Every structure is written in structure tokens, then in C-alpha cells.
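In case you want the letters, here they are:
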Amino acid sequence: AKRPGAHRACMLTALAVSALFLASYLTAHYYLGSTRYRGEGALRTVYFTILISHTILATLIVPLAGVTVWKAFQERFDRHKAWARWTFPIWLYVSVTGVVIYFMLY
């Protein structure tokens, strides 16, 4: 909507919340360990398919988000927009599948 100030504030807030979540997630898994999935059959295959794609893309999203934000700070908005076209859908997939994995696990 051509509101760069609001966009900047929302995106930096989303980045900060994501970074806090990642730090708390990694800290919890370091101290508490992992939980085994107990499902069977086809649901087990679905779970691990989602988990593997989530894990790979969650690893990829860290540098993607960094480059996307860096391009914005450089005011290279053409490159920022090009990177964001890939970064946003991957970030969205990782966010949604993270919740799906949590509900399937517990």
C-alpha cells in the first residue's frame, strides 16, 4: 500500500520475533532433548515428509532473510523485492509447517 514505514516496522518486528523463537527453540531442544514421533503407517510418512522439508527450509530461511533485510537496508529495493519473492513464501511454509509438526507430535 506504499507505506514503507509501516512495512519496515512490521518486517523488523517479524524478524525479531522469529529470531527470539529460534533462540528459544534451540535452547529448549539443547536442554530438553527431542520427542519421538509415535504415529504409525501413512501418518508417519506424512509427518516425516513435512518434518524433513520443514527442517531443510528452516535452515535455508536464515540466510535468505538476512540477504533480504540487508538489501532493504542498502536501499536496493529492486533486489530486496526479488529476494523477498522467494523468502516470504518459504518463511510462510516454515511457519505453518512448524505448527503442523507440533500438533502432529503432541
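See the structure shown above.
Residue indices follow the written sequence of each chain, beginning from 1 at its first position. Since the coordinates come from a predicted model, pLDDT governs what is reported: local features require at least 70, and pairs of side-chain atoms require 80 or more to be given and counted, while whole-chain, interface and lining totals use all residues. To obtain the side-chain values, all non-hydrogen atoms of the structure were included, while hydrogens and water were left out.

1. So, the overall build of the protein
Turning to step 1, where the next piece is worked out: Within the protein, the secondary structure is distributed over 3 helices and 0 strands.
Turning to step 2, where the next piece is worked out: Counting helices and strands in the order they occur from the N terminus, the protein gives α-α-α.
Turning to step 3, where the next piece is worked out: Taking 2.2 N^0.38 as the reference for a compact globule, 106 residues should give roughly 13 Å; the C-alpha atoms of the protein span a radius of gyration of 16 Å, well beyond that estimate.
Turning to step 4, where the next piece is worked out: By principal-axis analysis of the C-alpha atoms, the protein measures approximately 50 × 30 × 20 Å.
Turning to step 5, where the next piece is worked out: Three labels apply to residues, based on accessible area from a 1.4 Å probe with only protein chains included: buried if under 20% of the type maximum, exposed if over 50%, partly exposed otherwise in between. Every one of the 106 residues in the protein was classed for burial, and the buried ones make up 14%.
Turning to step 6, where the next piece is worked out: Residue contacts are counted whenever heavy atoms from the two residues lie within 4.5 Å of one another. Taking the intrachain contacts of the protein between residues at least 6 apart in sequence as the baseline, contacts between residues at least 24 apart amount to 69%.
Turning to step 7, where the next piece is worked out: Each accessible area is a Shrake-Rupley result for a 1.4 Å probe, and residues are judged covered by the shown protein chains and nothing else. Surface summary for the protein: the accessible area is close to 8400 Å², and the carbon and sulfur share equals 70%. To qualify as a helix, a DSSP run of H or I must reach at least 4 residues; to qualify as a strand, a run of E must reach at least 2; elements of each kind are numbered from the N terminus. With C-alpha atoms as the basis for the radius of gyration, the globule rule is written as 2.2 Å multiplied by the number of residues raised to the power 0.38.

2. Examining the environment of valine 99
Turning to step 1, where the next piece is worked out: Within the fold, valine 99 resides in helix 3 (residues 77-105).
Turning to step 2, where the next piece is worked out: Its relative accessible area of 47% is what places valine 99 among the partly exposed residues.
Turning to step 3, where the next piece is worked out: Considered as a pair, valine 99 and serine 53 are 46 residues apart in the sequence and their alpha carbons are 14 Å apart.

3. Overview of the packing of aromatic side chains
Turning to step 1, where the next piece is worked out: Each pair of aromatic rings taken from Phe, Tyr and Trp, with Trp reduced to its six-membered ring, is defined by centres within 6.5 Å and is described as stacked if the planes are under 30 degrees apart, edge-to-face if over 60, and tilted in the remaining cases. For the structure on display, the rule yields 8 aromatic pairs.
Turning to step 2, where the next piece is worked out: Judged by centre distance (5.0 Å) and plane angle (80 degrees), the ring pair of tyrosine 47 and phenylalanine 48 falls under edge-to-face.
Turning to step 3, where the next piece is worked out: In this structure tyrosine 47 comes out as buried when scored by relative accessible area, which is 4%.
Turning to step 4, where the next piece is worked out: Members of the aromatic cluster, joined through ring pairs, are Tyr37, Tyr47 and Phe48.

4. Describing helix 3
Turning to step 1, where the next piece is worked out: Expected helix span is computed as 1.5 Å times (number of residues minus one). Here helix 3 is 29 residues long and its end C-alpha atoms lie 40 Å apart, about the 42 Å a rise of 1.5 Å per residue gives.
Turning to step 2, where the next piece is worked out: The reported bend at a residue is simply the angle between two axes, fitted to the 7 residues ending at it and to the 7 residues beginning with it. If you look at helix 3, its biggest bend is around 35 degrees, right at alanine 84.
Turning to step 3, where the next piece is worked out: Those residues of helix 3 not exposed but buried are His80, Thr87, Ile90, Val94, Thr97 and Ile101.
Turning to step 4, where the next piece is worked out: Buried residues in helix 3 make contact with helix 1 (4-32) and helix 2 (42-73).

5. Some remarks on the packing of helix 2 against helix 3
Turning to step 1, where the next piece is worked out: Only the stretch in contact is used when fitting a helix axis, every axis being a line fitted to C-alpha atoms; angles between N-to-C directions are given from 0 to 180 degrees. The contact between helix 2 and helix 3 brings their axes to 7 Å, and the two run at 150 degrees. Classed by the angle they form, the pair helix 2 and helix 3 counts as roughly antiparallel. In the crossing of helix 2 with helix 3, the sense of the turn from one axis to the other is left-handed.
Turning to step 2, where the next piece is worked out: Each residue gets one of three labels, nonpolar for Ala, Val, Leu, Ile, Met, Phe, Trp, Tyr, Cys and Pro, charged for Asp, Glu, Lys and Arg, and polar for the others, Gly among them. In terms of residue class, the contact of helix 2 with helix 3 is made up of 24 nonpolar, 7 polar and 2 charged. Here the word oblique covers every angle except those under 35 degrees (roughly parallel), over 145 (roughly antiparallel) and from 65 to 115 (roughly perpendicular). Left-handed describes a crossing in which the near helix is turned anticlockwise from the far one by less than a right angle; the clockwise case is right-handed.

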